Amino acid sequence: MEGNEYTILRLPDYVDFDLSVVSFTPTGPLGAAVDAVVERARAFGPPVLDWQVLLGSPAGLADELSARGGRVKLGLEALAMDLSQGAPRLRPPAVDVSLRWATDFATARDGAAVEITGFRGELPPDERIEEIAAKCARAVAAGEGGMVVAYVNGEAAGTGGVTLVDGVARLTGGVVAPSWRGQGVYRAVLDARLSCAVAGGATMALVKANEATSGPILRKAGFTPFGPEPVYAVPLGQGRSAPKREGPRATPGAGNAGE
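Before going into details, it helps to say that this report is about the structure given with it. Every chain's residues receive numbers from 1 upward, in the order its sequence appears when written. Local features in this predicted model are restricted to residues whose pLDDT is 70 or higher, and side-chain atom pairs enter the listing and the counts only when it is 80 or higher, whereas totals over whole chains, interfaces and linings include all residues. Heavy atoms throughout the structure, all of them, feed into the side-chain values; hydrogens and water do not.

1. Description of the overall build of the protein
Okay, so step 1: Runs of E in the DSSP output that reach at least two residues are strands. Runs of H or I that reach at least four are helices, and both are numbered from the N terminus. In terms of regular secondary structure, the protein is built from six helices and 12 strands.
Okay, so step 2: With the principal axes as the frame, the protein shows a C-alpha extent of 55 × 40 × 35 Å.
Okay, so step 3: Residue exposure (1.4 Å probe, protein chains only): buried if accessible area is under 20% of the type maximum, exposed if over 50%, otherwise partly exposed. When the 259 residues of the protein are sorted by exposure, 47% land in the buried category.
Okay, so step 4: In what follows, a contact means two residues having at least one pair of non-hydrogen atoms within 4.5 Å. Here the contacts in the protein between residues at least 6 apart in sequence split such that 75% fall between residues at least 24 apart.
Okay, so step 5: To be clear on the numbers: accessible area is Shrake-Rupley with a 1.4 Å probe, and residue cover counts the displayed protein chains and nothing else. Accessible area for the protein stands at about 12,300 Å²; split by element, carbon and sulfur atoms hold 53% of it.
Okay, so step 6: Seen as two clouds, the 25 positive and the 29 negative side-chain charges of the protein have centres 3 Å apart. Just so you know, the count uses Lys and Arg for positive and Asp and Glu for negative, and it drops His and the chain ends. Note that the charge is assigned to NZ on lysines, CZ on arginines, CG on aspartates and CD on glutamates.

2. Looking at the pattern of salt bridges
When the charged atoms of two side chains with opposite charge come close together, those side chains can pair.
Okay, so step 1: Salt bridges are counted wherever a side-chain nitrogen of Lys or Arg sits within 4 Å of a carboxyl oxygen of Asp or Glu. Tallying each qualifying case throughout the model produces nine salt bridges.
Okay, so step 2: Taking the shortest distance from any N to any O, the salt bridge between R10 and D13 comes out at 3.9 Å.
Okay, so step 3: Owing to a relative accessible area of 31%, R10 belongs among the partly exposed residues under this scheme.
Okay, so step 4: R219 is the partner of E77 in a salt bridge, and the nearest nitrogen-oxygen pair spans 2.6 Å. Here E77 is found in strand β5 (residues 76–82), whereas its partner R219 is found in helix α6 (residues 214–221), with 142 residues between them in sequence.
Okay, so step 5: Salt bridges linked by common partners bring D35, E64 and R68 together as one network.

So, to be careful, I would describe these as geometric facts and stop short of saying anything about function.
This is how it looks when you write it as structure tokens:
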């Protein structure tokens, strides 16, 4: 749903972020603009609206969301790395990691399954996984990035995506399965994506990192933090309550995509 000052996105049922604000450019009083978005969001059904406060968001937005019962759902921070001199040399993992780009159904499904372990949600339907694999195959062939999946002893252990746009590598969806964390699998996935970025001509890498998980690893790798971009969960009050799924979560919605 697009208005003159906002865009609200309703995501598929298998994604944990049901309803998200993906753009917000108010031209009048901030409080009234926030109220208009919240009121419009109630028509969608879910009881909560996810709203990310970006570095470029209007001043006072976080306070307005808090005043309406919003609480931080996910702490993200924006980080960047200069790739003009090439990718950094990262410490190798403690285990033997093999990497595959998700250009076929089986690998794309493995990547989606690993995402669930960290992001919650459910596996997308097979037709969606086929679309993901086809998109990754096109991107890899064009040198525009893709999704890479890490394997340890034949088991899918980690995954992460990279998209090259105008010389900038955007990193998303980096996650490692719980049983393989702390052994350098994330670094292996990061190294593959940065190498892909440099090969594709990128001079900068950008990422929205989880402050509690990937953030510290990315800082050690040489990324520079530029500030927090938290995602607020704003209750929608009398909105119709959609049934809440149980279990783990899938990839974050557009606008809050991070790792």
